[in-house]
Number of protein chains: 2
Amino acid sequence: MPKTKDLLYKYPHRWGFKDSKFVVENGKVVFKSSRYEILANQVLPSLIPFIENELLGEKLDVNDTLEDNPKKIIPASFRNKPFIAKVTKELKQEQISFEDLDRFCHSHGQTTTDEVFKAIYRGKLQRVVDVVLFPENEKQVKKIIEFAQKHNVCLVPYGGGTSVSSALLLPRKEKRMIVSVDMRRMNKILWVDEENALARIQTGITGLELEEALEKRGFTMGHEPDSMEFSTLGGWISTNASGMKRNQYGNIEDIVQSFNFITPKGEVRQTDFLDRYSIGMQPRSILFGSEGNLGIITEATVRICALPKVKKYASVMFPNFKKGFFFLKELSKKHSYIPASVRLVDNRQFRLGYAIRPSARDWKEKLVGALKKFFITKIKGFDPNEMCLLTLVMEGEEKEVDYQKNKTIGLAKKYSGVSAGAANGKRGYLLTNLIAYIRDFLFKYHCIGETLETTSPWDKVESICHKTEQELLRQHKKFNLPGKPFFSYRVTQLYHASVCIYFTVGLYGKGKKNPEDIYSKIEKSLRQVILDEGGALSHHHGVGKLRKEFMNQVLNQNSKEMLKEVKKSLDPKNIFGISNNIFG
Amino acid sequence: MPKTKDLLYKYPHRWGFKDSKFVVENGKVVFKSSRYEILANQVLPSLIPFIENELLGEKLDVNDTLEDNPKKIIPASFRNKPFIAKVTKELKQEQISFEDLDRFCHSHGQTTTDEVFKAIYRGKLQRVVDVVLFPENEKQVKKIIEFAQKHNVCLVPYGGGTSVSSALLLPRKEKRMIVSVDMRRMNKILWVDEENALARIQTGITGLELEEALEKRGFTMGHEPDSMEFSTLGGWISTNASGMKRNQYGNIEDIVQSFNFITPKGEVRQTDFLDRYSIGMQPRSILFGSEGNLGIITEATVRICALPKVKKYASVMFPNFKKGFFFLKELSKKHSYIPASVRLVDNRQFRLGYAIRPSARDWKEKLVGALKKFFITKIKGFDPNEMCLLTLVMEGEEKEVDYQKNKTIGLAKKYSGVSAGAANGKRGYLLTNLIAYIRDFLFKYHCIGETLETTSPWDKVESICHKTEQELLRQHKKFNLPGKPFFSYRVTQLYHASVCIYFTVGLYGKGKKNPEDIYSKIEKSLRQVILDEGGALSHHHGVGKLRKEFMNQVLNQNSKEMLKEVKKSLDPKNIFGISNNIFG
């Protein structure tokens, strides 16, 4: 019996909840689900035509599918006996698993090509963990690390398994026993300090659990990365996570005030971080983004906020991306009314959104149908192949929220923006949760999809988007892939000098022997273009192993040596041997 | 001839501009100055009575003064000949000074007891730099560091000399030649990127120079520490500086996106920081707060903002500190309208402010005189020995500013706050610049004053303030000092879970042989109380040598070792041997 409890409701290898998936019935896509509100169990007649038109370049053959490989190649577990003996004394039997399914599902994250595709269709990963441990308190974590240090065992911290940077991909050459330390049983809120609006939380908690538990106490942390249903607090700290409501609640480094970091050398501690202080160089600051390379984060003190009285959605249609973008630029300086979340999707993503609408025959009809009641005359002149959608979330007191909404929509008018209602806004955010299900759905039809994100200075957004698309077209041709490449983007975060751009890329691989490897190569070439054009290596996904080879372009030799000294000081035997980022 | 150009207009050892000082004329204090607007050249008849009442406990004897020691004890310069030979080839003659005055004034900062008092009245410092260099570009800085590394010379980066943490106090035991590297000739704005609202600036620029230069281009950086007339960009980065308009513009770590950090090992570099990205552990983050221990910061990329259309001041009177404090707590959550700066001064500081008003006989009369026109009936019932003043700065577009003002003052009413006009607000901020002049003025009358600051969780502010005052009273008794201790505080920064409290402490030392050493001991006991009560070691002044002995209470052994590895990696020969914080 597997001991990974979430396997009861989660897929072991694909993304998401077992009760949710896209299927084809009677030639139409249906989203079977017992959650996700308005989209659950809807027939989506336009989705196949959209995919045919935008990606396949031909009719979808629903009978030509790639089937899951049910036989996983899982080598026997290599056991470090003295380590196991000690761990067995410290942990209960049901906290230790040598089961194949537990081991295999802890040996990968959610990176499409290197991990999910290989796990599902090839049934083979380059290395499989030898045992999975499920500690239930900090003391046990400390013991596990102590034993690993003593007996030279490799530890891999495991949170939600949602990494898309191949950070959980195991080093092929690791000869030592590899132990996955699944933190998810450490999911308690230890205390809530209402007076200072802080909470102390175990880091194995998922976003969903965390928000549910805080909500009962009348609070929210407000951190909502797209992965929040599954990803964990510890994972967010390890990867420099960012949530969509950052404008209001901050990114993870703003939210987390302090945390316990347990390394083979012991704990790294500075007195509780009080928002801000001046004590010289701060160990805390460098430990964000450790990507599993140094130790395990067990508990964190985080900012919490009273639950907002009101949460409202809104949306605005712009005639084209450029107009929407310049609106964003001005909005980013409006500290007094910028909504909690502001996202601008490009025309293709906007159309994809409409293709996921139930009923009506094609997206153009639907679009007109949905909008005509309100402002058909206003959008006359908007080209359906150019227009873009902005979605907004506002939280706070009723008056504040209304002020934000009125000011924001007022400013949008200056850029030809037309209010498109709350429902379109809400749908936009709901779709975020579905993208990964669509990825997994399309796998079987020989399509590979993935997301890439970057931070781009305001003045480079246009060239980064344009040149990345050009490169994708070039690569598509070079590898002689069928159909046409799907390329789409949205701006999801606004900063002073830059924005986060989030790309969605899809390729059709029918007839190719190893489409995942082709995609992998293409992705690297796209990343190089982004770097060449002045974008960042990643805005919030991190480096892991996927972007390791680019680190020389990001840090110079002295910087790397400095970080390696930090590693050496805390983990001299490389117990945390996952080899992400510049390590290994 | 001294080569330190700012000696032309700045005092060599005391604080401030040579054209500004407090003097006593005809038994009354006059503030002689050619700047500082409304306060310049005013007779301040209430100041001496205030001091007599609040600090001396007796009549001020204007004839019993402590005189400056004109003879400074300056040992001969120790010269590392090969280093000097190389430097002489690289730098012009007028960039190298062995002059006594240059050397002595580069051998201390502005810490009252350890530095200023010793420099002025004792004429003796524990160590004096052997030479002062004035590099004019990054290349020269690199060369200086290269030569120092080669010939084992100790380098001390020097910015504005405004440190109040004894960070510029030289290690008594340093046997090597000590070279002060005065960065202030590197004060250029290298470029302004209007599109992304960024600027690249040499770090020797002072706050005043920086804002003047940006203003000409239509921008501001918005960073206004109390020392901004003299302190430098490089100094701010080295000490984790905080400015009073943080609510709007951020603290230094928010403003500075990236910087060049030159160490004996070479440059530490990561690609330009684009507000935020996820590249694993970030070298940049740990290099804030280096306190001169690792290298020299030469250039920084900073956020800039369009000059605000409007700047308005306001003030609010509260019946007592508690009311004002709870108002602040609610205001801190009002992201949509919190003003750029919000400061609440306690009753004693409020009364000091009134004692610095020109004309009228005593502060009570003046207070009544100033306020009666507007709302004398409203404040009936306010006890003049309890009431507190809140001052506000708001910047932005007229409408925004008015919205902030109305909302803020509206909220204040809930806490019995009464609007007290713009003039009182403006005066409050102007006084900030004068406090250090008052310190220096009072020296000669045997008074020693200093500031201490901390970050305190919201729920600990009351106990920290109360217990620190109790400790001061206890220490005053213990050392059998004359008069009574002056103790006052203001809240200057608001955060999610905490605030910055800024204490002003004054002691009367008449008849004591080494009052500065007594004060020094007392300050340490106050700091311990602050730490014991849950306050931070410092909010923005830093650690330097003044708070070095407390670092064990702030960082654990593993944290310190980690930081020491960072130092060893970048400066293995301890060229930057200033020994601040945990180093040396």
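See above for the structure.
Residues numbered from 1 in each chain as written. Chains lettered and ligands numbered in written order. Predicted model: local features only at pLDDT ≥ 70, side-chain atom pairs only at ≥ 80, totals over all residues. Heavy atoms only, no water.

Student: Tell me about the overall build of chain A, and name the residues and values.
Tutor: A tally of helices and strands in chain A yields 19 helices and 21 strands. Against the compact-globule benchmark of 25 Å for 584 residues, chain A has a radius of gyration of 24 Å, which places it among compact chains. Based on the C-alpha atoms only, the size of chain A along its principal axes is roughly 75 × 60 × 45 Å. Split into buried and exposed, the 584 residues of chain A put 66% on the buried side. A sequence separation of at least 24 residues applies to 76% of the contacts in chain A between residues at least 6 apart. (Helix = DSSP H or I, 4+ residues; strand = E, 2+ residues; numbered from the N terminus. Rg over C-alpha atoms; globule rule 2.2 N^0.38 Å. Buried < 20%, exposed > 50% of the residue type's maximum accessible area, 1.4 Å probe, protein only. Contact = heavy atoms within 4.5 Å.)

Student: If you had to explain the side chain of Ser285 of chain B to someone new, which residues and values would you point to?
Tutor: Locating Ser285 of chain B in the fold gives a position in helix α10 (residues 283-287). Judged by relative accessible area, Ser285 of chain B falls into the buried class, the value being 16%. One polar contact links the side chain of Ser285 of chain B to the main-chain carbonyl oxygen of Ser285 of chain A, over a distance of 3.4 Å. (Polar contact = N/O pair within 3.5 Å; in protein donor to acceptor, adjacent residues only side chain to side chain.)

Student: Pulling in residues and values, what's your account of the packing of helix α17 (residues 461-478) of chain B against helix α18 (residues 515-532) of chain B?
Tutor: Residue and element names in this part refer to chain B. Contact geometry for α17 and α18: axes closest at 9 Å, N-to-C directions at 150 degrees. On the basis of the axis angle, α17 is roughly antiparallel to α18. For α17 against α18, the interelement crossing comes out right-handed. Contact with α17, carried on its side by Ile464, Lys467, Thr468, Glu471, Leu472 and Gln475, involves Ile522, Ser525, Leu526, Val529 and Ile530 of α18 and no other residues of that element. By residue class, the composition of the contact of α17 with α18 is 6 nonpolar, 3 polar and 2 charged. (Axes fitted to C-alpha atoms, helices over the stretch in contact; angles between N-to-C directions. Parallel < 35°, antiparallel > 145°, perpendicular 65-115°, else oblique. Left-handed = near helix turned anticlockwise from the far one by under 90°. Nonpolar A, V, L, I, M, F, W, Y, C, P; charged D, E, K, R; others polar.)

Student: If you had to explain the interface of chain A and chain B to someone new, which residues and values would you point to?
Tutor: Listed per partner, the contact involves 81 residues of chain A and 80 residues of chain B. Overall, the association of chain A and chain B removes approximately 6400 Å² of surface from exposure, summing both partners, and the carbon and sulfur fraction of that is 55%. Interface area lost by chain A to chain B is led by Arg276, Met281 and His496 of chain A, which between them contribute 14%. Where chain A touches chain B, the interface holds 8 salt bridges. Note that Lys265 of chain B is salt-bridged to Glu561 of chain A, the shortest N-O span being 2.6 Å. Our count for the chain A to chain B interface comes out at 55 residue pairs in polar contact (both at pLDDT 80 or more). Where the side of chain A that touches chain B is concerned, the elements lending two or more residues are α9 (252-255), β12 (266-268), α10 (283-287), α14 (398-414), β19 (447-457) and α19 (557-570) of chain A. At 9 residues, α19 of chain A tops the list of elements feeding residues into the side of chain A that touches chain B. For the side of chain A that touches chain B, the residue count by class is 32 nonpolar, 33 polar and 16 charged. (Buried area = accessible area lost by both parts, 1.4 Å probe. Salt bridge = Lys/Arg side-chain N within 4 Å of Asp/Glu carboxyl O.)

Student: Which residues make up the pairing of strand β8 (residues 189-193) of chain A, and what values go with them?
Tutor: Residues and elements named next belong to chain A. Across 4 bridges, the pairing between β8 and strand β9 (residues 198-202) is antiparallel. Bridging from a neighbouring strand, Asp193 pairs with Leu198 of β9. In sequence, β8 turns back onto β9 through a hairpin of 4 residues, with Ala197 there showing a positive phi of about 55 degrees. (Pairing = 2+ DSSP bridges.)

Student: A description of the sheet that holds strand β8 (residues 189-193) of chain B should follow, citing residues and the corresponding values.
Tutor: Residue and element names in this part refer to chain B. The strand order across the open sheet built from 5 strands is β8-β9-β13-β11-β12, with neighbouring strands paired in antiparallel fashion. Looking along the sheet, the strands with just one partner apiece sit at the ends: β8 and β12 (266-268). With direction set aside, neighbouring strand axes in the sheet form an average angle of 15 degrees.

Student: How would you summarise the packing of helix α2 (residues 81-90) of chain B against helix α5 (residues 138-151) of chain B if you had to cite specific residues and measurements?
Tutor: Between two packed helices, the angle of one axis relative to the other and the distance separating the axes together describe the packing. All names here are of chain B. Between α2 and α5, the shortest axis-to-axis distance is 9 Å and the interhelical angle comes to 165 degrees. The pairing of α2 with α5 is recorded here as roughly antiparallel in orientation. Of the two elements, α2 crosses α5, and the hand of that crossing is right-handed. Across the interface between the two elements, Pro82, Phe83, Lys86, Val87 and Glu90 from α2 touch Lys139, Gln140, Lys143, Ile144, Phe147, Ala148, Lys150 and His151 from α5. Grouping the amino acids of the contact of α2 with α5 by side-chain chemistry returns 6 nonpolar, 2 polar and 5 charged.

Student: Which residues make up the relation of the copies chain A and chain B, and what values go with them?
Tutor: Of the two same-sequence chains, chain A is brought onto chain B (RMSD 0.0 Å, axial shift 0.0 Å) by a rotation of 180 degrees. A rotation of that kind, with that shift, is consistent with a two-fold axis. In terms of proximity to the rotation axis, the leading residue of chain A is Ser336 of chain A, whose C-alpha is 2.2 Å off the axis. (Least-squares fit on C-alpha atoms with pLDDT ≥ 70 in both.)

Student: Would you mind going over the pairing of strand β13 (residues 296-303) of chain A in detail, with residue names and values included?
Tutor: Residues and elements named next belong to chain A. Summarising burial for β13: 8 of the 8 residues are buried, a large majority. In terms of strand pairing, β9 meets β13 through 5 bridges, oriented antiparallel. Note on β13: the bridge partner recorded for Leu198 is Arg303. Sheet analysis places strand β11 (residues 256-263) next to β13, joined by 5 bridges and oriented antiparallel. Note on β13: the bridge partner recorded for Ser258 is Thr301.

Limitation: the analysis is restricted to geometry and does not speak to function.
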